[in-house]
Amino acid sequence: MSYVCNLFGELSNISMEDFNKLKDRFARHMHLDVFEHKEDNILVIDAGFNSRKKVSWVEKFVYHYIADSIPLGRFEKLYFKEGYTFSCVFFGHKQFEIVRYSTPEQPAWWQGESTDYINTLKNRIMDLLRKGVVLE
């Protein structure tokens, strides 16, 4: 399913207790396409929602909770897509930072396809990843 916003990726060293707390938190506010805890403590997330109002909720409540569950000395990341904007959310022990990808600007002399093509391609790749298609 295509959502306005998506949060996806993998986190390692997540305890079953933290997994259950996160799942409860996510399930109340997001659609969970994939949210599973693998035997080696890896949490796989692919969640989305259709309201931009929820972005501040994710930043205020979910990211802080994830950062609190990251063990000292470990570093993790998730990806966030809002419309045509992509971000990488970096996590450390009790801290996080959101770094947004910027859309490339074409040079003035460029006569090829516009950056809208790139956005369409990014969306297509995201859809394929969400469906579990392996890109080689």
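This is a predicted model, so every value here is computed, not measured.

Chemist: Before we go on, may I ask you to explain the nonpolar core in this structure?
Modeler: General note: in soluble globular proteins, nonpolar side chains tend to be found buried as a group. Counting 26 residues, the largest nonpolar core has Phe 26 and Phe 91 as the members making the most contacts within it. Sorting elements by how many residues they give to this core places helix α2 (residues 54-69) first, with eight residues.

Chemist: Can you help me understand empty space enclosed by the protein in this one?
Modeler: Vacant regions in the atomic arrangement are exposed by a probe of water-molecule size rolled over the atoms. According to the stated counting rule, one finds one cavity of 30 Å³ or more in the structure shown. Estimates place the volume of the largest cavity at around 40 Å³. Every residue along the wall of the largest cavity is listed here: Val 55, Glu 59, Phe 80, Glu 82, Thr 85, Ser 87 and Arg 100. Counting only elements with at least two residues in the lining of the largest cavity, the list comes to α2, β4 (76-82) and β5 (85-92). Here the lining of the largest cavity is composed, by residue class, of two nonpolar, two polar and three charged.

Quick notes on the rules
- Residues numbered from 1 in each chain as written.
- Predicted model: local features only at pLDDT ≥ 70, side-chain atom pairs only at ≥ 80, totals over all residues.
- Heavy atoms only, no water.
- Core = buried A, V, L, I, M, F, W, Y, C linked by side-chain atoms within 4.5 Å.
- Buried < 20%, exposed > 50% of the residue type's maximum accessible area, 1.4 Å probe, protein only.
- Helix = DSSP H or I, 4+ residues; strand = E, 2+ residues; numbered from the N terminus.
- 1 Å grid on protein atoms, 1.4 Å probe; cavity = no way out; pocket = protein on both sides within 12 Å on 5 of 7 lines; lining within 4 Å.
- Points joined across faces, edges and corners; volume = space filled by probe spheres on them.
- Nonpolar A, V, L, I, M, F, W, Y, C, P; charged D, E, K, R; others polar.

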